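Survey of secondary and tertiary structure
Each chain, letter by letter, is given below.
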Amino acid sequence: MDTISTAENHTEMEQVIVAMQDPDLGIKMKNQRLLITVIPHAMTGNDIVEWLMKKYSIMEEEALHVGDLLVRHGYIYPLKEPRNLVLRPDESPYRFQTPYFWSSQQWPASELDYAIYLTKKNIRKQGQLIDYEKENYNLLHKRINHTWDFVVMQAKEQLRASKQRRKADRIVLECQEQAYWLINRPPVECLTPRLSQRDRGKQSNTKCEHSSRMCPITHITKRTLVRVSGLAFQDGRGVEHLKKALGRSRVKSSICLESFIKYSEQYFSHDPMMHGCPPSNPWITDDITHWALNTNTVSTPTKLRVERWSFRFMELLSDPLGRLKFMEYLEKEFSAENLCFWEACEDIRHGENSRIPQKVSWIPHRQFLAPGASKWVNVDSKTMEKTLEGLRRPNRFVMDDAQMHIYFLMKKDSYPRYLKSDLYKNLLVKAIAPQETKRSVFPFMRRHRHSSPNPALVAQALEEDGKAKRLGSPRITSPATSP
Amino acid sequence: MLRGSSAVAIDNERNKHPSDVIAAASAARARRSGRVGLATASRSTSDPHPAEMATHELHPNDTLTTLKMESENLKAKLEEERAKLHDVELHQVAEKIEALGQFVMKTRRTLKGHGNKVLCMDWCKDKRRIVSSSQDGKVIVWDAFTTNKEHAVTMPCTWVMACAYAPSGCAVACGGLDNKCSVYPLSLDKNENLAAKKKSVAMHTNYLSACSFTNSDMQILTSSGDGTCALWDVESGQLLQSFHGHGADVLCLDLAPSETGNTFVSGGCDKKANVWDMRSGQCIQSFETHESDINSVRYYPSGDAFASGSDDATCRLYDLRADREVAIYSKESIIFGASSVDFSLSGRLLFGGYNDYTINVWDVLKGNRVSILFGHENRVSTLRVSPDGTAFCSGSWDHTLRVSEEEGI
């Protein structure tokens, strides 16, 4: 049972369980009849679901889900079908597991304890154990044979003690123990039962699946480094860091939070989950028109797309089509060298490490920064000095300052002018605004789901064609040029 | 038994075992308190950081306490400073906007093919392909739209906890218990064994928990159980920058979509979420309000904030300019941890995959839950919204991946 493997949620589950057992606000427990025996302190599945619904103001489906998890983790066990750890929202009787057996107690379900339990069962049932239990019993018998006398003696003692108890108590104790071992030694071929309503009638342990026993790995992998010994080192560093943090400038919450509202409103109609997706969401209708209309090589972009370029400069630059259109505009204005420079810098920053010296040497210097260069860019003197200094020891960040400078130059100057230009306005006018198709048009027809060329294939083909890359342009390796 | 005595009975029962074998139980409990330590000792393959070792030996106990005290004082002061500019709550600001209506979520594709728990997935930029990795070492590339499997790689290790699709769509990166991150170029030659062209890029001293390509195929950012994050050059395998500061395993990371593109956030078992400068390796901001491990971090689309999902069953929103936590997404009926979070395209919705097998959808601005999706048969381990926001994919320990969409009615 994989869900057992993390102990983190046990406190929360236990809080729920304790609340359920509160004498005033908890579930009203009563005696429940199990065949001819009367079990005290029990409740029905219905009681549990209703209490959860009321306490957490949730719907029945969710309450059933939560209750079911509690049963599966062994905090509540069924009396009627003790092997079936499932919550039934009916009159089936359930009982709270004794805290001793709570998973959070974490006393490892040792082989010895399990052996004693199986031996008891074996004696009681006169050798009629269930398959997997029989297997385990035999395995244990072999493995801890040296203590088998102790095991048998303990088992007999416990059986004798339990015979002296009242029948109701005996049944309860047996169910408790059984539930505990079902969780800690689940049948090897058992999947956690399905949560859907319609499966409730079926026996959960008839579904077979690969074992998903308690996995020590998750527990270990998430806790390998609780560095207690490194605390001094950590705190030394931490103090420095905190001092720095105290000095940082902050913005008022009201301003920050307003910006979220604005952002969400601005992008509302662009969010397929909020506003639908013209003409239709491909995942719903199996129609890929939406993707076809928005590729990087489409001749006429959609209205939403062109609109989005006006939201912020980064939107324009990060859309390859947007960048292309922007470059066209800049070329008309004879100020394309800024964008070329920016692209060259991006290429250096994100390109291969080994090619940096080569790129750095001839692209920026020769083409952009040297006075009289063919694509000279207007960088302020301070930045220029710093950059030229840095070029002597080229690394991937050497162009950062210059790149930033040019970026903000474009953002403040060229970008707003572009948005006001005829070129952009034309795009907006000519842009496609597909109608949203009503899904009900093809209610029963299932469209063929077209496959698309693998981006790796497209890239391979491009390389094989030996397409020369434009000087200074970044490696626009955007996938899926056709849907 | 009187009903009133049930609470007392519970406490007493904690120490009473129905059978008479007490010795084994108490010995086991003694072992329990040292259990984590044992596991650590046997599992940890890393040598302690040299500086750590030195500090541990040189600094006597009282220096440790004074450092701790100073640290506590500064933390308190920091919280004071942060609170000064906090003049309004998010849900108050959000009062003026309309509440979201009803949402219907439907699973549109179920991808079956993994033989074991799915641990991680990532979308390709073409909006329809995904890569997923699982416990049995298999990494599969799917065209989720047609549900066809296009590539499959078997890693030499189990528990492949991290995988990522390259921006060009030409390669995938993955890693896990092998402590490495490897890049596999995707070849379309059916006869070619993908494993042959594998490139070992990252080397950590403990398991790899997350990996992500930066803006190109040439660099990878990784986070590891050894408590560090690192930036690597794919071609040479060279370590470009390392990020130290977490006090425990780092479980997740996300790159900032900002203009300058130079920061990322990471979350760890030390309950901290740290924002790092990729260039200098410095931690520029740190948030510690979660009560348990942070399993997942994701930036808000504008880059001004990020959300986190944690084992404490809450998701939280942190604003980077206000330098504080600004929202908590939780409900009393949600008692299991959130393993994975992601935003819808506009940032209005926050999707959370939880360990109780469900996916909860939150209204980021108003703070309430708008939808819940049942469907997975085991815990949801990974969740990502597609690049164009048309759908989201969730991977689970039930061996499947599901692509679902959310529609307002």
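Rules behind the numbers
- Residues numbered from 1 in each chain as written.
- Chains lettered and ligands numbered in written order.
- Predicted model: local features only at pLDDT ≥ 70, side-chain atom pairs only at ≥ 80, totals over all residues.
- Heavy atoms only, no water.
- UniProt positions renumbered as here; feature names shortened; annotations may be inferred.
- Helix = DSSP H or I, 4+ residues; strand = E, 2+ residues; numbered from the N terminus.
- Buried < 20%, exposed > 50% of the residue type's maximum accessible area, 1.4 Å probe, protein only.
- Areas by Shrake-Rupley, 256 points an atom, 1.4 Å probe, with all protein chains shown as cover.
- Expected span 1.5 Å × (residues − 1).
- Contact = heavy atoms within 4.5 Å.
- Disulfide = S-S within 2.5 Å.
- Pairing = 2+ DSSP bridges.
- Axes fitted to C-alpha atoms, helices over the stretch in contact; angles between N-to-C directions.
- Phe/Tyr/Trp six-rings, centres within 6.5 Å; stacked < 30°, edge-to-face > 60°.

An unreviewed UniProt entry lists chain B under the name Guanine nucleotide binding protein (G protein), beta 5a, with Scleropages formosus as the source organism. In its Sequence similarities (unreviewed entry) section, the UniProt entry covering chain B states "Belongs to the WD repeat G protein beta family." Entered under Subunit (unreviewed entry) in the UniProt record, the comment concerning chain B runs "May interact with RGS9; this interaction stabilizes both proteins and increases RGS9 GTPase-activating protein (GAP) activity, hence accelerating the deactivation of D(2) dopamine receptor-mediated signaling."

The name given to chain A in an unreviewed UniProt entry is Regulator of G protein signaling 11, with the source organism recorded as Scleropages formosus.

**A few points about the overall build of chain B**
Tallying secondary structure elements over chain B gives six helices and 28 strands in all. The 409 residues of chain B split such that 63% are buried. Carbon and sulfur atoms form 50% of the exposed surface of chain B, whose accessible area is close to 15,000 Å².

**Looking at helix 10 (residues 253-267) of chain A**
The end-to-end C-alpha distance of helix 10 of chain A is 21 Å, a good match for the 21 Å that 15 residues give at a rise of 1.5 Å each. Where helix 10 of chain A is buried, its residues meet helix 14 (303-309) and helix 15 (313-318) of chain A together with helix 6 (90-93), strand 19 (305-310), strand 20 (315-319) and strand 21 (324-329) of chain B.

**Side note on the UniProt feature "domain: DEP" (unreviewed entry) in chain A**
As annotated in UniProt, the feature "domain: DEP" (unreviewed entry) corresponds to residues 23-98 of chain A in the numbering used here. When the span residues 23-98 of chain A is considered, its composition is 33% helix and 26% strand, and the gap between its end C-alpha atoms is 16 Å.

**Section: the state of the cysteines**
All names here are of chain B. Under the definition given, this model contains zero disulfides over all chains. For cysteine 211, which is in no disulfide, the shortest distance to another cysteine sulfur is to cysteine 181 and amounts to 4.0 Å. Cysteine 252 takes part in no disulfide bond, and the closest cysteine sulfur to it belongs to cysteine 229, at a distance of 8.8 Å. Among the residues examined, cysteine 252 registers a relative accessible area of 5% and is labelled buried.

**Comments concerning the UniProt feature "repeat: WD" (unreviewed entry) in chain B**
All names here are of chain B. UniProt annotation of "repeat: WD" (unreviewed entry) refers to residues 111-152, 201-242, 243-286, 287-328, 340-372 and 373-403 when read in the numbering used here. Each end of residues 111-152 is marked by a C-alpha atom, and these two atoms are 14 Å apart; helix forms 0% of the span and strand 60%. Helix makes up 0% of residues 373-403 and strand 52%, with an end-to-end C-alpha separation of 12 Å.

**Some thoughts on the pairing of strand 12 (residues 228-233) of chain B**
All names here are of chain B. In terms of burial, strand 12 is largely enclosed, as six of its six residues are buried. Along strand 12, one buried face is formed by Thr228, Ala230 and Trp232 and the opposite face, lined by Cys229, Leu231 and Asp233, is buried too. Inspection of the sheet shows strand 11 (residues 219-224) paired to strand 12 by five bridges, in the antiparallel sense. Following the sheet pairing, isoleucine 220 is matched in strand 12 by tryptophan 232. The hairpin turn running from strand 11 into strand 12, its antiparallel successor, is three residues long, and glycine 227 in that turn takes a positive phi close to 90°.

**Details of the environment of Cys393(B)**
Residues and elements named next belong to chain B. Along the chain, cysteine 393 falls in strand 27 (residues 392-396). Separated by 122 residues in sequence, cysteine 393 and lysine 271 have C-alpha atoms that sit 26 Å apart. Each residue touching cysteine 393, except ones within four places of it in the same chain, is listed here: Met121, Trp123, Ile130, Thr382, Leu383, Arg384, Leu401, Arg402 and Val403.

**A look at the sheet that holds strand 25 (residues 369-373) of chain B**
Residue and element names in this part refer to chain B. Within the open sheet, the four strands sit side by side as 22-23-24-25. Their pairing is antiparallel. Strands at the two margins of the open sheet, each flanked by one partner only, are strand 22 (338-343) and strand 25. Between one strand axis and the next, the sheet turns by 20° as a mean value, whatever way the strands run.

**Things to note about the packing of aromatic side chains**
Evaluation of the coordinates by the stated rule reveals 33 aromatic pairs over all chains. Taking 6.3 Å as the distance between ring centres and 80° as the angle between the ring planes, the aromatic pair formed by Trp159(B) and Trp397(B) counts as edge-to-face. Taken together, the residues Trp159(B) in the loop between strand 5 (148-154) and strand 6 (162-165) and Trp397(B) in the loop between strand 27 and strand 28 (400-408) connect sequence positions 238 residues apart. Side by side, Trp159(B) and Trp397(B) carry an identical accessibility label, which is buried. Each member of the aromatic cluster is reached from another via a ring pair, and the members are Phe313(A), Phe326(A), Tyr329(A), Trp342(A), Tyr407(A), Phe408(A), Tyr415(A), Tyr418(A) and Tyr424(A).

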